[in-house]
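Inside the fold
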Amino acid sequence: MIGIQQQFRLEDCPVSDLMQRLRQGRLCLDLGATSIRVNSDSSELAAQLGKVYPQHPLIEGADWADHHVSVTRAKGWRRWIRPQVDFSCDFQRPFAPFPADAALPLFEWGSNWLIGQRLAHLLLLHAGVLERDGLALVLPATPGSGKSTLTAALSLRGWRLLSDEFGAFCPDRLRFIAMLKPVALKNRSIDVIRNFAPDAPLGPSFPKTRKGMVAHLAANRDAVDRRKEWVRPGAVVIPRWTEGAELSLEQLAPHVMFGALAFNAFNYQDTGARGFDAVSHLTTVCRGWQLTYSRLDDAISALNELWQQVRDRARQPFENMAQK
Amino acid sequence: MLDINPDDAALTSLLRTPEGVRCMDLGTMWAAYSPLSGQTLMLNTEAVAILEILRERPGTLVEVCRVLASEGGHSAAELETLCRDAWSNLLEVGLLEPSASGGESRA
C-alpha cells in the first residue's frame, strides 16, 4: 500500500533532501496510470525534478512501482570531461548518454519510452488529453502540429491536464486516466507559452537536445491531486497550427477519427482486438473535429464554445445511442 | 512447363472469414480487424460484404460474386473483375483464410 503524505510535495522538499532520496532510490513519482521509482546520483536531476514535478506528492514507503529507472553519472573519463548521464532500467541502457546537465530530458525521454513499451493493459493514444465537466478532450496529433502547445495553453486556462503525450484509455472501463508528466514544449512553443502566460511554471530550457530546445511545463496542483480520477471520453479534436491561418473547426468523418486515434497510438498493434474495440468505442461515443488555428486565444475560445455542445450531447447518452 | 501464379490459385480456393474478424461501420468506410495478422484496415462496403458472406459459409470468388450479383447491380462476371484484387488483399492481410472444410462449398 502506498502511504501518501498529502502535505508534502516535491516543491516542499529541499534539493538536498530530493538528492538523498534519489541516491537511496526512494523517490517514487505517481503519474496516475503508472508509477516510476527513480534512482540517481545526479544533483542536476534532483533540482530539475523539483522544478517540473513540484506538485507531485512525496511518497513514503512505496512498496510497489511499475518502473524502476536509474539516471546515473557516466563512469570513467566522462565523469570529469564533458560529464554525461546514463538512463537504465532493469539492467538495460536503451539510449546513448546525455550531457550531465540534461538529465531531465533524458529521464523524460527514457520514461516515456518505457511507458510506451510496457503498459499493455491500456491503449496509449499519442495524444494530449484534458478534462472539463467530467469529459475528456482528446488531441491526437503528429509531431509539430501544435498539440503540446495547445495542451499546455488549455491547462493554463482551466482545463485539467491528464497528459500531453499519452492518452491512456482503459479498454475495460472505457475511461481515460491521467499520465501526469510535465508538458514538453519545444523550440518556438516555449516562448509562445511564456508570452501566453508569463507566470506559467516552466522548468529550465535545454538547448541542443535531439528535438532542439526543450522546456517542461509543470502540472498544477488540481491536476496532480485528481490524477486517479477516471474520465469519460468527450470529443476528439485534431489540432493543426498554421501561421496566419483563420480559425476553423470542421467536423471529421468517423473513418478519419478512427485512423487518427488508432494509427497514431503507441501500442495499438500490441493491444489486438481490445485496442480495436476501444478505438471503435471512442469513434462511436465521440464526435471529432479538425481545428486549424494560428492564435492560441482563438483556439481556446472555440474549444470552450464547442464544449457546451459536447456537454449537452453527453447528457443524452440514450438518445445518442438511438441515433447511432 | 506450367506457370502457376499463387494469386490465381487463391482466386479459385475456398476461403472463409476467420473467427474473430471484427468490422466497425464508419459511415462511408469500415474498419476491419484481423486476429490472424493483428492488422486493422479501412475497407469499402463491397469488401465488407465479401467478409460477411464468407463468415456465414466458405466459398470461392466466383461463388461470392454470384451471391453479390443476386443482390442486384452488376453481373457476376463484372463483380469478379472488380473484386479480384480485393480478394487477394483480404487473404494477404488475414481477413480471409483458406477453408479446411472444402466440402461445404455451395458450388
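Residues numbered from 1 in each chain as written. Chains lettered and ligands numbered in written order. Predicted model: local features only at pLDDT ≥ 70, side-chain atom pairs only at ≥ 80, totals over all residues. Heavy atoms only, no water.

1. Regarding the overall build of chain B
Along chain B, the regular secondary structure elements total 4 helices and 5 strands. Secondary structure elements of chain B, listed N to C terminal, follow the sequence α-β-β-β-β-α-α-α-β. Within chain B, the fraction of its 107 residues that count as buried is 40%. Expressed as a percentage of contacts within chain B between residues at least 6 apart in sequence, the contacts between residues at least 24 apart total 60%. (Helix = DSSP H or I, 4+ residues; strand = E, 2+ residues; numbered from the N terminus. Buried < 20%, exposed > 50% of the residue type's maximum accessible area, 1.4 Å probe, protein only. Contact = heavy atoms within 4.5 Å.)

2. A closer look at the nonpolar core
Residues and elements named next belong to chain A. Formed by 67 residues in total, the largest nonpolar core has its most connected members in Leu125, Leu150, Leu154, Phe176 and Leu303. Considering every element that reaches this core, the biggest residue donor is helix H9 (residues 296–314), with 8 residues. Dropping the residues within four chain positions of it, Leu150 is found in contact with Leu139, Pro239, Leu291, Tyr293, Leu296, Ala299 and Leu303. (Core = buried A, V, L, I, M, F, W, Y, C linked by side-chain atoms within 4.5 Å.)

3. Digging into the pairing of strand S3 (residues 29–33) of chain B
Residues and elements named next belong to chain B. Counted residue by residue, S3 has 4 buried out of 5 residues, so it is predominantly covered. Pairing analysis gives 5 bridges linking strand S2 (residues 22–26) to S3, with the strands arranged antiparallel. Bridge pairing in S3 links Arg22 to Tyr33. If you look at the hairpin formed by S2 and S3, you'll find 2 residues sitting between the two strands, and Gly27 has a positive phi there, around 85 degrees. By the bridge criterion, 4 bridges tie S3 to strand S4 (residues 40–43) in an arrangement that is antiparallel. (Pairing = 2+ DSSP bridges.)

4. Observations regarding the sheet that holds S4(B)
Spatially, 3 strands are ordered S2-S3-S4 (chain B) in an open sheet, and the strand pairing comes out antiparallel. Every other strand in the sheet has two partners, leaving S2 and S4 of chain B as the edge strands with one partner each. With direction set aside, neighbouring strand axes in the sheet form an average angle of 25 degrees. Helix H8 (residues 268–285) of chain A rests against S2, S3 and S4 of chain B of the sheet, and its axis sits at about 30 degrees to S2(B). (Axes fitted to C-alpha atoms, helices over the stretch in contact; angles between N-to-C directions.)

5. Overview of the sheet that holds strand S7 (residues 98–99) of chain A
All names here are of chain A. What the 5 strands build is an open sheet, ordered S2-S3-S5-S6-S7; its pairing is mixed. The two strands at the open ends of the sheet, each matched to only one other strand, are strand S2 (27–30) and S7. Summarising the sheet, strand S3 (residues 35–40) and strand S5 (residues 67–73) pair through 5 bridges and their orientation is parallel. What sits directly across from Val38, in S5, is Val69.

6. What to know about the packing of helix H3 (residues 61–70) of chain B against helix H4 (residues 76–92) of chain B
Residue and element names in this part refer to chain B. Close contact between H3 and H4 brings their axes to 9 Å; oriented N to C, the two are set at 125 degrees. Between H3 and H4, the angle falls in the class oblique. Relative to H4, the crossing made by H3 is right-handed. Residue-level inspection shows Leu61, Val62, Val64, Cys65, Arg66, Leu68 and Ala69 of H3 in contact with H4, the latter providing Ala76, Leu79, Glu80, Cys83, Arg84 and Trp87. Looking at the contact of H3 with H4 residue by residue, the classes come out as 10 nonpolar, no polar and 3 charged. (Parallel < 35°, antiparallel > 145°, perpendicular 65-115°, else oblique. Left-handed = near helix turned anticlockwise from the far one by under 90°. Nonpolar A, V, L, I, M, F, W, Y, C, P; charged D, E, K, R; others polar.)

7. A closer look at a nonpolar patch on the surface
A grouping of Trp77(A), Trp80(A) and Ile81(A) is seen on the molecular surface, where their side chains present a nonpolar patch of about 480 Å² in accessible area. Looking at where Ile81(A) falls in the secondary structure, it is placed in the loop between S5 and strand S6 (84–89). (Patch = residues over 30% accessible without salt bridge, like charges linked within 9 Å, V, L, I, M, F, W, Y side chains within 5 Å. Areas by Shrake-Rupley, 256 points an atom, 1.4 Å probe, with all protein chains shown as cover. Salt bridge = Lys/Arg side-chain N within 4 Å of Asp/Glu carboxyl O.)

8. Some points on the pairing of S2(A)
All names here are of chain A. Across the two faces of S2 the burial is the same, with Leu27 and Leu29 and Cys28 and Asp30 all buried. Looking at chain direction, S2 and S3 are connected through 4 bridges and run antiparallel. Across the sheet, Cys28 pairs through a bridge with Arg37, a residue of S3. In this structure, the hairpin formed by S2 and S3 is closed by a connection of 4 residues, where Gly32 is found at a positive phi of approximately 110 degrees.

9. Let's talk about helix H4 (residues 147–155) of chain A
Taken across its 9 residues, H4(A) has 9 buried, putting it largely inside the fold. Every buried residue of H4(A) is accounted for by Lys147(A), Ser148(A), Thr149(A), Leu150(A), Thr151(A), Ala152(A), Ala153(A), Leu154(A) and Ser155(A).

10. Describing the domain arrangement of chain A
Residue and element names in this part refer to chain A. Segmenting chain A into domains produces domain 1 (2–118) and domain 2 (123–322). A straight line from the C-alpha centre of domain 1 to that of domain 2 covers 26 Å. Between domain 1 and domain 2, the residue contacts involve 28 residues of the former and 25 residues of the latter. When domain 1 packs against domain 2, close to 2200 Å² is buried across both sides, 62% of that on carbon and sulfur atoms. Area buried by domain 1 at its contact with domain 2 is led by Leu31, Val52 and Gln55, which between them contribute 20% of it. Viewed at the interface, domain 2 and domain 1 are joined by 5 salt bridges. (Domains from an automatic or database assignment. Buried area = accessible area lost by both parts, 1.4 Å probe.)

11. A short note on the packing of aromatic side chains
Geometrically, a pair of aromatic rings is defined through the distance of the ring centres and the angle of the planes. According to the stated counting rule, one finds 12 aromatic pairs over all chains in the structure shown. Here the aromatic cluster, defined as three or more aromatic residues joined through ring pairs, consists of Phe87(A), Phe95(A), Phe98(A), Trp109(A) and Trp113(A). (Phe/Tyr/Trp six-rings, centres within 6.5 Å; stacked < 30°, edge-to-face > 60°.)

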